[in-house]
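Close look at the chain arrangement
Listed here are the chains, written in short residue letters.
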Amino acid sequence: MERIVLSPRYLPELSSVPEEVLSLREGMVQVSSLIPQIHEETEFWLARAIPDGSISTVAVGAYETILRTIAGVTSRVFVGLPRCRDEKWLDTAVNYTMDVFRLSSELRPYPPFLRRFVAPWLASTKRLQEHVRVASDCFGSIFAQRLAEPDGEGKRANDMFQWMADSAKGADRSTDVLIRKMLFLTLAAIHTSTMSTTHALFDLCAHPEYMEPLRREIGETVEANGWSLAAINELKLLDSFVKESQRLNHPGLPGTFISMPTNAIARDPDNYPDPEQFDAFRFYKQRQSSESEVNRHQFVSTGRKNLAFGHGKFACPGRFYAAAQIKMVIAYILVKYDVSFPGQQTVRPANNFFGESISPDRRQTVVFKSRRE
Ligand code: HEM
């Protein structure tokens, strides 16, 4: 794949290129109405992965646990109950992304004109076809019904089927197109959020001194007033914590054609004093520094120094949902468990670099100890 890495000074121009030239954007979702579902599904999947009751301490593979939780939460928001817990669909939701990236790296050594002849023979192509078949089996008839009956049962549903059916126009009003778009959204949503949440969990284990102030904040806001978007937005220390974790662990997203050196920007001392230091409340302090800064430096904010979610017209449209989900999962873990690395380990594992992709170590286990037994 040819790659152009641009200097950040081209950002203003890049952000003003007409959107259709570079990418296609899906609509924003109403995050607020999704909070009860995100909460219920976080509870369901974490309880499944980390059984408590008689067992009060359990060590689990961190990435896999978070991946299953985020996939479960995302599926709930996308396809609702009971379909979101269908194991066949969940396997596709998790593995579709892996197979897309596997296929792209398998095809990369071939010259572009040969790739379409090679692709049909590769095992990952066959697996991708199988994922499309599973998604069609699970959801084809629902999409067909929602398209055919715009005023039917779906009218009251708060799910991805209905948002997509409502916004599809012309040739997009086809079950096949909607299934593929849904798989694309699954790809954009699950592994990105899983990586950020896993990094934040590693940072909690590596910096346990932040657990109590974060818990206090959660106690004063969410536990007192219940889970709502307003309450999650009040978790300013937690917001700063996950943003700092993301700053030092930038998601390398494979498949980017025009790139910015986002990782180097995030560690440039001209942008962030003492950039190698994990200062969980760095962004919180910036928000408190003056009245004009209060709404800046948030996890979802993007800017020249802050490109984890892209910037300008091309900023990630899913980031408001992603932020609510990541903060909810981390807050839930903080309320319910003490977390640590196993044994004497105090330092987080090094990230894995594969081509342009950067991800947390998938072999790392984390010990969860129930707090209220
Ligand atoms: C921590 C989690 C996430 C990160 C770090 C992230 C990051 C990004 C980045 C860097 C881009 C590329 C922007 C560009 O074109 O320059 C992007 C695009 C996109 N993201 Fe996210 N994302 C996350 C979560 C999500 C979620 C949860 C969803 C869906 C619910 C989502 C949906 C999308 C879509 C649809 C695009 C393509 C937008 C376009 O082509 O214009 N993302 N994301």
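Residues numbered from 1 in each chain as written. Predicted model: local features only at pLDDT ≥ 70, side-chain atom pairs only at ≥ 80, totals over all residues.

- Naming follows an unreviewed UniProt entry, where the protein appears as Cytochrome P450 of Monosporascus ibericus.
- As recorded by UniProt, the Cofactor (unreviewed entry) comment attached to the protein reads in full: "heme". (UniProt positions renumbered as here; feature names shortened; annotations may be inferred.)

**Here's the deal with the overall build of the protein**
- Helix and strand counts for the protein stand at 15 helices and seven strands.
- Expressed as a percentage of the 373 residues in the protein, the buried residues total 33%.
- The long-range fraction of contacts in the protein, counting pairs at least 24 apart against all pairs at least 6 apart in sequence, stands at 74%. (Helix = DSSP H or I, 4+ residues; strand = E, 2+ residues; numbered from the N terminus. Buried ≥ 20, exposed ≤ 12 C-beta atoms within 10 Å, placed from the backbone. Contact = placed C-beta atoms within 7 Å.)

**What about the sheet that holds strand β7 (residues 365-370)?**
- The antiparallel open sheet is built from three strands, whose spatial order is β2-β7-β4. Two strands lie at the open edges of the sheet, namely β2 (57-61) and β4 (337-340), each paired on one side alone. Ignoring which end each strand starts from, the neighbouring axes of this sheet average 25° apart.
- Of the pairings in the sheet, the one linking β4 to β7 comprises four bridges and is antiparallel in character. Looking at β7, one finds that valine 339 is bridged to phenylalanine 368. (Pairing = 2+ DSSP bridges. Axes fitted to C-alpha atoms, helices over the stretch in contact; angles between N-to-C directions.)

**Section: the UniProt feature "binding site: heme" (unreviewed entry) in the protein**
- Per the UniProt entry, the sites bearing "binding site: heme" (unreviewed entry) are Cys316 in this numbering.
- On the basis of neighbour count, cysteine 316 is assigned to the partly exposed category, with 19 C-beta atoms found within 10 Å.
- For cysteine 316, the contacting residues outside a window of four places in its chain are Phe309 and Gly310.

**Points about the confidence of the model for the protein**
- This prediction gives the protein a mean pLDDT of 86; 87% of its residues lie at or above 70.
- Confidence over residues 16-29 falls short of pLDDT 50; this stretch has 15 contacts with residues more than four positions distant or in other chains. (pLDDT = per-residue confidence, 0-100.)

**Describing the nonpolar core**
- Grouped together as the largest cluster of nonpolar side chains are 66 residues, with contacts concentrated most on Leu201, Ile330 and Ala331.
- Of the residues forming this core, the biggest block, 11 residues, is contributed by helix α15 (residues 319-336).
- Among all residues touching leucine 201, those that are not within four sequence positions of it are Ala62, Ile66, Ile330, Ile333, Val339 and Val366. (Core = buried A, V, L, I, M, F, W, Y, C linked by C-beta atoms within 7 Å.)

**A word on helix α4 (residues 62-79)**
- Between the first and last C-alpha of α4 there are 25 Å, a value that for 18 residues agrees with the 26 Å anticipated at 1.5 Å per step.
- Burial within α4 is extensive, with 16 of its 18 residues counted as buried.
- Residue glycine 80 follows α4 closely and has a positive phi angle near 70°. (Expected span 1.5 Å × (residues − 1).)

**A short note on the pairing of β7**
- Sheet analysis places β2 next to β7, joined by five bridges and oriented antiparallel. The residue bridging glycine 61 from the neighbouring strand is threonine 365, located in β7.

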